[in-house]
Amino acid sequence: MEIMQFWGEGVKGKVDLEVKAVNAYGCTSDDSIVDDDVENSSAFKEVTKSAVDGIVTIAEFSKNDENHMQWYEKNELVMEGESSCIVKVENGLGKFKGEVFAPGYITMETMGGSFPDVSYCAGVELLIRANVDYGGYRFSFGMGHADGKDHAFGYKAPFNIHVEDGFKFVHIPFSSFSDKWDDKTGDITTHCANDSRFCPTMKSLESMDVMQFWGEGTSGQVNLEIKAINAYGCNDDHGSHNNTHKGLESASTSSKENISMSVAFIALITSII
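Nothing here was measured: the structure is a model prediction, and the numbers come from that model.

### A closer look at the state of the cysteines
No. 1: Going through the model one piece at a time under the given rule, you end up with 2 disulfides.
No. 2: Here Cys192 engages in a disulfide with Cys199; their sulfurs sit 2.0 Å apart. Between Cys192 and Cys199 the sulfur-sulfur dihedral comes to about 95°; the bridge is accordingly right-handed. Each member of the pair, Cys192 as well as Cys199, carries the same accessibility label: buried.
No. 3: Should the bonded cysteines of the chain be numbered as they appear in the sequence, the pairing reads 1-4, 2-3.

### What about the packing of aromatic side chains?
No. 1: Summed over all chains, the structure comprises 13 aromatic pairs.
No. 2: When the centroid spacing of 6.2 Å and the interplanar angle of 45° are considered together, the rings of Phe174 and Phe177 count as tilted. The exposure classification of Phe174 matches that of Phe177, with both residues buried.
No. 3: Through a chain of ring-to-ring contacts, three or more aromatic side chains come together here, namely Phe61, Trp71, Tyr134, Tyr137, Phe139, Phe141, Tyr155, Phe159, Phe174, Phe177 and Phe213.
No. 4: Sitting over the ring of Trp214, Lys156 keeps its end group 3.3 Å from the ring centre.
No. 5: The ring of Phe167 has Lys227 sitting right over it, with the charged end atom 4.7 Å from the ring centre.

### Let's talk about the pairing of strand S12 (residues 210-216)
Where a strand is regular, its side chains alternate between the two sheet faces.
No. 1: In terms of burial, S12 is largely enclosed, as 7 of its 7 residues are buried.
No. 2: Of the two faces of S12, the one carrying Val210, Gln212, Trp214 and Glu216 and the one carrying Met211, Phe213 and Gly215 are both buried.
No. 3: Direction of pairing for strand S7 (residues 105-111) relative to S12: antiparallel, over a ladder of 7 bridges. Bridging from a neighbouring strand, Tyr105 pairs with Glu216 of S12.
No. 4: Inspection of the sheet shows strand S9 (residues 137-141) paired to S12 by 5 bridges, in the antiparallel sense. From the neighbouring strand, Phe141 faces S12, where its bridge partner is Met211.

### Some thoughts on the confidence of the model for the chain
No. 1: On average, residues of the chain score 77 in pLDDT, and 69% of them are at 70 or above.
No. 2: Between the elements of the chain, mean pLDDT differs from a low of 32, seen in helix H1 (residues 42-47), to a high of 97, seen in S9.
No. 3: Across residues 37-52, confidence stays below pLDDT 50; counting only partners more than four residues off in sequence or on other chains, it has 27 contacts.
No. 4: Across residues 239-273, where pLDDT falls below 50, the model places 80 contacts with residues more than four positions away in sequence or in other chains.

### Points about the nonpolar core
No. 1: Ranked by internal contacts, the top residues of the largest apolar core, which has 42 residues, are Phe139, Phe159, Met211, Phe213 and Ile229.
No. 2: If you tally residues by element for this core, the top one is strand S13 (residues 220-232), at 5 residues.
No. 3: Every residue in contact with Met211, bar those within four places of it in the chain, is listed here: Ile58, Ala59, Met69, Trp71, Met108, Glu109, Thr110, Phe115, Phe139, Ser140, Phe141 and Ile229.

### Regarding the environment of Asn131
No. 1: Topologically, Asn131 is positioned in the loop between strand S8 (123-130) and S9.
No. 2: Under the relative-accessibility criterion, Asn131 is labelled partly exposed at 33%.
No. 3: The spatial distance from the C-alpha of Asn131 to the C-alpha of Val163 is 5.4 Å, given a sequence separation of 32 residues.
No. 4: Sequence-distant contacts of Asn131, defined by excluding residues within four places in its chain, comprise Val163, Asn223 and Glu225.

### A word on the sheet that holds S12
No. 1: The 5 strands are arranged S4-S7-S12-S9-S10 in an open sheet whose pairing can be described as antiparallel. Pairing within the sheet leaves two strands with one partner each, and these edge strands are strand S4 (71-75) and strand S10 (155-158). Strand-to-strand twist across the sheet, computed as the mean angle between neighbouring axes with direction ignored, equals 20°.
No. 2: The pairing of S9 with S10 spans 4 bridges and is classified as antiparallel. Each residue of the ladder has a partner; that of Phe139, found in S10, is Ala157.

What counts and how
- Residues numbered from 1 in each chain as written.
- Predicted model: local features only at pLDDT ≥ 70, side-chain atom pairs only at ≥ 80, totals over all residues.
- Heavy atoms only, no water.
- Disulfide = S-S within 2.5 Å.
- Buried < 20%, exposed > 50% of the residue type's maximum accessible area, 1.4 Å probe, protein only.
- Phe/Tyr/Trp six-rings, centres within 6.5 Å; stacked < 30°, edge-to-face > 60°.
- Lys NZ or Arg CZ within 6 Å of the ring centre and 35° of its normal.
- Helix = DSSP H or I, 4+ residues; strand = E, 2+ residues; numbered from the N terminus.
- Pairing = 2+ DSSP bridges.
- pLDDT = per-residue confidence, 0-100.
- Contact = heavy atoms within 4.5 Å.
- Core = buried A, V, L, I, M, F, W, Y, C linked by side-chain atoms within 4.5 Å.
- Axes fitted to C-alpha atoms, helices over the stretch in contact; angles between N-to-C directions.

Structure below.
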């Protein structure tokens, strides 16, 4: 940016403004965003408490998880069942471990349970740790099904995580998810940004119903540990969540409701005279 300015201009009067912070919100990217190590930070303890901080907890893996989701493995049947995995929930972690033989896949998934409404949020936040480098991770939710796709169900997006000490936040904007993807490789064939018909619908965000971690399309070892799945960028004023999507809803030519997040700045103002 190089330069930022607050202006008092065009209207006669006194100015007395105190600025506590200037942030960017609703940030989106074509790539997943990996934050710094937060396992022991005070910030992590704060953001997982409530939606006041812009976070809604979707799933945790502790005994105190109020949503009581049951996780299980699913192995592909394409390559004669060569790809396989094991899913465990223990010590406050979801553990997804296995091996993929492309074009096969493995998944760690849950269905049912109590899913919170995240339709007023910007995207999915994963608190995860990778124990091996693997290039075929995806995350999906819901049962969206694009016309012409036989076996591709759900809104899917890729994400990256590398072997590092500690857990990392990975942010995936809802605008990065699409339900039009290749059911052999898992690659998105038409992105939400290019065709709003394949964006997550409001209904799918109000209750995801299904969530899946994938190892897909790339041969290799999978070893992922998950501490929490959240939604981030949530506007705690539920009454205004329709405004979050209003622009794209009016622009859409289909019955699907679209997800769009714009980047803007907010100054936290303590007094104005």
